[in-house]
Amino acid sequence: MRFDGIHHVTCITADAPANVDFYTRVLGLRLVKKTVNQDDPTVYHLFYADEDGSAGSDITFFEYPNARPGQAGDGMVHTVVWRVGSPEALEFWANRLGAEGHEVEADGESLRFANPEGLQHELVVSHVADEPLVAHHPEIPREVALWGFEGVRAYGRASDDFLTALGFEQEEGRWDTRAETRGGWIEYAEAPHVAGVGGAGTVHHVAWASKMEDQEAWHDRVLEAGGNPTQIIDRFWFRSIYFREPAGVLFEIATLGPGFTTDEDPEHLGEKLILPPAFEHLRERVEPVLTPLPDPRAGWAKR
Ligand code: ZN
């Protein structure tokens with residue numbers, strides 16, 4: 001068994017309106033699900049992805065309006081790495097982000113920048129044949145758009161035995177995992193000499209993609225490898241197992257289905273607050289306390 005690369009990366013924001021603006025208007029992703037954190041339904045869980053809400057392109061945020069700025073440290077993912085199609089795309093993004101007032105750092109086939117709360121992102125030119133996962137945006141042509149995740153960079157010491165047991169293969173210092181649909185990796189580096197603090201602008205966990213039918217087997221595999229997995233939790237749009245790998249990074253294994261279009265028309269993903277059926281009874285309580293968020297595509301001309 002191997003993972004089909006990264007399923008999603010979940011992070012923390014203290015400012016949902018600015019977060020929506022950055023990921024949809026600036027980076028050109030689509031808000032594909034506006035829902036609540038199933039472990040704390042009084043706060044948002046926002047999902048951004050390609051046009052179809054595909055695993056492999058899905059960056060998500062828990063909104064804690066009073067969260068203090070965090071700091072990536074030991075046992076935390078510190079950078080989310082995205083694919084683009086060409087060096088010209090890197091140039092496009094250097095210009096676009098620069099015009100928005102974001103500092104960018106170009107280095108060969110890579111471009112680094114941070115989101116408004118300091119979460120590090122990196123764009124790299126893709127050298128794999130995986131399908132580009134692209135969202136529509138009126139100012140961002142498909143050729144230069146983000147194409148989904150390439151990998152994540154974390155602080156800590158990689159556990160060879162554990163990662164190998166989970167089907168990762170080490171290649172040039174990276175732990176790579178690839179199955180039928182896609183591939184992705186995690187790279188570890190020594191932590192800076194400051195303590196990590198979860199908070200706004202940090203990564204909460206990284207989820208690896210599994211086939212629906214493999215989820216039980218993955219649960220057992222994590223146990224056999226010495227991990228301490230949760231039971232399989234039904235997140236409605238996918239099923240999940242959570243555990244910390246030995247370096248301390250919170251991993252999730254999430255299924256490639258059923259997906260975000262099970263309860264919303266694909267044409268209208270993300271426009272309304274969606275609660276899974278088990279949470280619908282909370283709507284009257286949670287809707288008034290959530291920060292109002294506009295539909296990011298409301299101003300678009302009819303396509
Ligand atoms: Zn998750």
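Above: the structure in question.
Here the structure is a predicted model, which means the values were calculated and not measured. (Residues numbered from 1 in each chain as written. Predicted model: local features only at pLDDT ≥ 70, side-chain atom pairs only at ≥ 80, totals over all residues. Heavy atoms only, no water.)

### A short note on the overall build of the protein chain
Which entries qualify depends on this criterion: Elements are defined by DSSP. Helices are runs of H or I of four residues or more, strands are runs of E of two residues or more, and each kind is numbered from the N terminus. With the radius of gyration taken over C-alpha atoms, the globule rule is written as 2.2 Å times the number of residues to the power 0.38. We call a residue buried when its accessible area falls under 20% of the maximum for its residue type, exposed when it is over 50%, and partly exposed in between, using a 1.4 Å probe and counting protein chains only. In what follows, a contact means two residues having at least one pair of non-hydrogen atoms within 4.5 Å. We get accessible surface area from the Shrake-Rupley algorithm with a probe of 1.4 Å; when it comes to residues, only the shown protein chains can shield them. Positive charges are assigned to Lys and Arg, negative charges to Asp and Glu, while His and the chain termini are left out of the count. Charge coordinates come from a single atom per side chain, which is NZ of Lys, CZ of Arg, CG of Asp or CD of Glu.
A tally of regular secondary structure across the protein chain gives five helices and 16 strands. The C-alpha atoms of the protein chain give 18 Å as radius of gyration, which agrees with the globular expectation for 303 residues (19 Å, within 12%). Its C-alpha atoms give the protein chain principal-axis dimensions of about 50 × 50 × 40 Å. Counting the 303 residues in the protein chain, one finds 54% classified as buried. A fraction of 70% describes how many contacts in the protein chain between residues 6 or more apart in sequence connect residues 24 or more apart. Surface summary for the protein chain: the accessible area is close to 13,600 Å², and the carbon and sulfur share equals 49%. Computing the positive centroid from 26 side-chain charges and the negative centroid from 51, the protein chain places the two 3 Å apart.

### Considering the side chain of His8
Selection rule: Pairs of N or O atoms within 3.5 Å make up the polar contacts considered here, provided that, within protein, one atom can donate a hydrogen while the other can accept it, and that residues adjacent in sequence are counted only when both atoms are side-chain atoms.
Examined against the element boundaries, His8 turns out to sit in strand E1 (residues 6–13). Within the structure, His8 has its side chain in polar contact with the side chain of Glu252 (distance 3.0 Å). Contacts of His8, omitting those with residues within four sequence positions, involve Asp58, Thr60, Phe149, His205, Val206, Ala207, Phe238, Glu252 and Ala254.

### With respect to the coordination of the zinc ion
For clarity, the cut-off: A donor here means any N, O or S atom no more than 2.8 Å from the metal (3.2 Å for Na, K and Ca); water is not included, so a site may seem to lack partners.
The zinc ion binds to the protein through His8 (NE2), His205 (NE2) and Glu252 (OE); the donor distances cover 1.9 to 2.0 Å. Sequence spacing of the donors to the zinc ion: H-x196-H-x46-E. Placement of His8 in strand E1 and of Glu252 in strand E16 (residues 250–255) is noted, with a sequence separation of 244 residues between them. Like His8, the residue Glu252 is buried in the burial classification.

### Here we look at the pattern of salt bridges
Inclusion rule: For this document, the term salt bridge refers to a Lys or Arg side-chain nitrogen within 4 Å of an Asp or Glu carboxyl oxygen.
Within this structure, the stated rule accounts for 20 salt bridges. With a shortest N-O distance of 3.0 Å, Glu139 and Arg96 are connected by a salt bridge. Of the two residues, Glu139 is situated in the loop between strand E8 (120–125) and strand E9 (149–155) and Arg96 in helix H2 (residues 87–99); the sequence distance between them amounts to 43 residues. The exposure class of Arg96 is buried, given its relative accessible area of 14%. Between Glu187 and Arg153 there is a salt bridge; the shortest N-O distance is 2.6 Å. In this pair, Glu187 is assigned in strand E12 (residues 183–189) and Arg153 in strand E9, connecting sequence segments 34 residues apart. Residue class for Arg153 comes out buried when judged on its relative accessible area of 12%.

### Thoughts on the sheet that holds strand E10 (residues 169–171)
Selection rule: Two strands make a pair as long as DSSP finds a minimum of two bridges between them. Axes here mean lines fitted to C-alpha atoms, for a helix over just the part in contact, with angles spanning 0 to 180 degrees between N-to-C directions.
In spatial order, the strands read E6-E7-E8-E5-E9-E12-E11-E10; together these eight strands make up an open sheet with mixed pairing. Looking at which strands have only one partner, the edges of the open sheet turn out to be strand E6 (105–107) and E10. The average angle at which neighbouring strand axes cross in this sheet is 25°, direction not considered. Examined bridge by bridge, strand E5 (residues 77–84) and E8 share six bridges and lie parallel to one another. Looking across to E8, one finds that Trp82 is bridged to Leu123. Against the sheet, H2 engages E5, strand E7 (110–114) and E8, with an angle of about 25° to E7.

### Quick notes on unusual backbone geometry
A cis geometry characterises the amide bond from Gly257 onward to Pro258, with omega recorded as 0°. A positive phi is found at Glu172, a non-glycine position, where the angle reads about 50°. Relative to the helices and strands, Glu172 is located in the loop between E10 and strand E11 (174–178). The phi dihedral of Phe236 is positive, around 75°, even though this residue is not glycine. For Phe236, a relative accessible area of 28% corresponds to the partly exposed category.

### A short note on the packing of aromatic side chains
As a reminder of what qualifies: What counts as a ring pair is set by centres within 6.5 Å for rings of Phe, Tyr and Trp (its six-membered ring), and what kind of pair is set by the plane angle: stacked under 30 degrees, edge-to-face over 60, tilted for all other angles.
Following the criterion strictly, the structure yields 19 aromatic pairs and no others. Measuring from ring centre to ring centre gives 5.3 Å for Tyr23 and Tyr48, while their planes differ by 25°; the resulting arrangement is stacked. Highlighted residues: Tyr23 in helix H1 (residues 16–26) and Tyr48 in strand E3 (residues 40–49), separated in sequence by 25 residues. No difference in accessibility class separates Tyr23 from Tyr48, as the two residues are buried. Ring geometry for Tyr48 and Phe61: centres 6.1 Å apart, planes at 70°, overall edge-to-face. Of the two residues, Tyr48 is situated in strand E3 and Phe61 in strand E4 (residues 58–63); the sequence distance between them amounts to 13 residues.

### Regarding H2
As a reminder of what qualifies: Helix span, expected: 1.5 Å multiplied by one less than the number of residues in the helix. This arc is taken over the directions from the axis of the helix to the C-beta atoms.
With 13 residues, H2 ought to run about 18 Å at 1.5 Å a step, and its terminal C-alpha atoms sit 19 Å apart, in line with that. All of the buried residues in H2 are Ala89, Leu90, Trp93, Arg96 and Leu97. All buried residues of H2 fall inside an arc of 130° around its axis, so they share one side. Of the exposed residues in H2, those oriented more than 90 degrees away from the buried face are Glu88, Glu91, Asn95 and Ala99. Contacts made by the buried residues of H2 are with H1, E5, E7 and E8. Gly101 sits one or two positions beyond H2 and adopts a positive phi of about 85°.

### What to know about the packing of H1 against H2
Our working definition: It is the rotation of the near helix from the far one that decides the hand of a crossing: anticlockwise by less than a right angle makes it left-handed, clockwise makes it right-handed. Residues are grouped as follows: Ala, Val, Leu, Ile, Met, Phe, Trp, Tyr, Cys and Pro are nonpolar; Asp, Glu, Lys and Arg are charged; every other residue, Gly included, is polar.
At a closest axis distance of 12 Å, the pairing of H1 and H2 adopts a crossing angle of 140°. H2 is crossed by H1, and the crossing has right-handed handedness. When H1 is examined against H2, the residues Phe22, Arg25 and Val26 are found in contact with a partner set consisting of Trp93, Arg96 and Leu97. Per-class residue counts for the contact of H1 with H2 are four nonpolar, no polar and two charged.

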